[in-house]
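Remarks on the overall topology
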Amino acid sequence: MIRENLAEEERSDRAAPEALAGFCGGRGVGEDDITCCPALPGTKAVVQRFREICGDRPVAEAVAALYAYEAQVPEIATTKIDGLKRFYGVTQPEGLAYFEVHEEADKAHRAAWRGWLEEHASGDEEEILKTTNEALDALWGALDAVHCEKQEVMK
């Protein structure tokens, strides 16, 4: 299932990194600006938390954490597309492609994670839920860190 999800990301009409570069380029952000900047502390923290969960916890906990992430993506992508069009005038296909890919592809990805959980998840449900909440807290923490970074820049 993991390999199938990865293959889906890589074989789409516009792979995620290319689509994100198209979006950034359409906003006047160059590739050097994307690749040379260090990740924000909140981004590093969420990646570290997911690596720890997926590397050190039982499979059911890791899958539940990934499902918690993927379950949100299609609707978030739809909201981002709407906001980009309405508030920023982004209508070019290359400016929306990254979000359009995730709006559709991640419906299948979340269904795959959920299906696995329904069929295979066994173990301590309390621990699975606890880990899922850790993953969600890490995601929220990344957003909080972006907000804090923006506040610092604005000072």
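Basis of the calculations
- Residues numbered from 1 in each chain as written.
- Predicted model: local features only at pLDDT ≥ 70, side-chain atom pairs only at ≥ 80, totals over all residues.
- Heavy atoms only, no water.
- Helix = DSSP H or I, 4+ residues; strand = E, 2+ residues; numbered from the N terminus.
- Contact = heavy atoms within 4.5 Å.
- Areas by Shrake-Rupley, 256 points an atom, 1.4 Å probe, with all protein chains shown as cover.
- Patch = residues over 30% accessible without salt bridge, like charges linked within 9 Å, V, L, I, M, F, W, Y side chains within 5 Å.
- Salt bridge = Lys/Arg side-chain N within 4 Å of Asp/Glu carboxyl O.
- Lys, Arg positive; Asp, Glu negative; His and termini not counted.
- Charge placed at Lys NZ, Arg CZ, Asp CG, Glu CD.
- Buried < 20%, exposed > 50% of the residue type's maximum accessible area, 1.4 Å probe, protein only.
- Expected span 1.5 Å × (residues − 1).
- Bend = angle between axes of the 7 residues up to and from the residue.
- Phe/Tyr/Trp six-rings, centres within 6.5 Å; stacked < 30°, edge-to-face > 60°.
- pLDDT = per-residue confidence, 0-100.
- 1 Å grid on protein atoms, 1.4 Å probe; cavity = no way out; pocket = protein on both sides within 12 Å on 5 of 7 lines; lining within 4 Å.
- Points joined across faces, edges and corners; volume = space filled by probe spheres on them.
- Nonpolar A, V, L, I, M, F, W, Y, C, P; charged D, E, K, R; others polar.

Our focus in this paragraph is the overall build of the chain. Per the secondary structure count, the chain includes eight helices and zero strands. Start at the N end of the chain and walk to the C end: the helices and strands fall as α-α-α-α-α-α-α-α. The long-range fraction of contacts in the chain, counting pairs at least 24 apart against all pairs at least 6 apart in sequence, stands at 76%. Surface accessibility of the chain: about 10,300 Å² in total, with carbon and sulfur atoms responsible for 55%.

Here we come to a negative patch on the surface. Residues Asp124, Glu125, Glu126 and Glu127 make up a contiguous surface patch of negative charge. Tracing the backbone through its elements, the reader meets glutamate 126 in helix H8 (residues 125-154). Accessibility expressed as a relative area gives 64% for glutamate 126, which makes it exposed.

Next up on the list: helix H7 (residues 93-120). Owing to its 3.6 residues per turn, the α-helix aligns residues three or four sequence positions apart on the same side. Across its 28 residues, H7 extends 39 Å between first and last C-alpha, which sits within 8% of the 40 Å expected from 1.5 Å per residue. Its maximal kink placed at alanine 105, H7 deviates by approximately 35 degrees.

Before going further, it helps to spend a moment on the packing of aromatic side chains. The full count for this structure, using the stated rule, is one aromatic pair. Ring plane angle 90 degrees and centroid distance 5.1 Å describe the contact between tyrosine 98 and phenylalanine 99, whose orientation is recorded as edge-to-face. By relative accessible area, which is 9% here, phenylalanine 99 ends up buried.

Per-residue pLDDT for the chain averages 85, and the proportion of residues at 70 or more is 86%. Model confidence for the chain, summarised as mean pLDDT per element, is weakest for helix H1 (residues 2-11) at 68 and strongest for helix H6 (residues 73-88) at 94.

Before going further, it helps to examine the layout of surface pockets. Within this model, the second largest pocket holds a volume of roughly 160 Å³. Lining the second largest pocket we find Ala64, Tyr67, Leu117, Ala121, Ser122, Gly123, Glu125, Ile128, Leu129 and Thr132. Elements represented by at least two residues in the lining of the second largest pocket include exactly helix H5 (59-70) and H8. Looking at the lining of the second largest pocket element by element, the count peaks at four residues for H8. Its residues assigned to classes, the lining of the second largest pocket shows six nonpolar, three polar and one charged.

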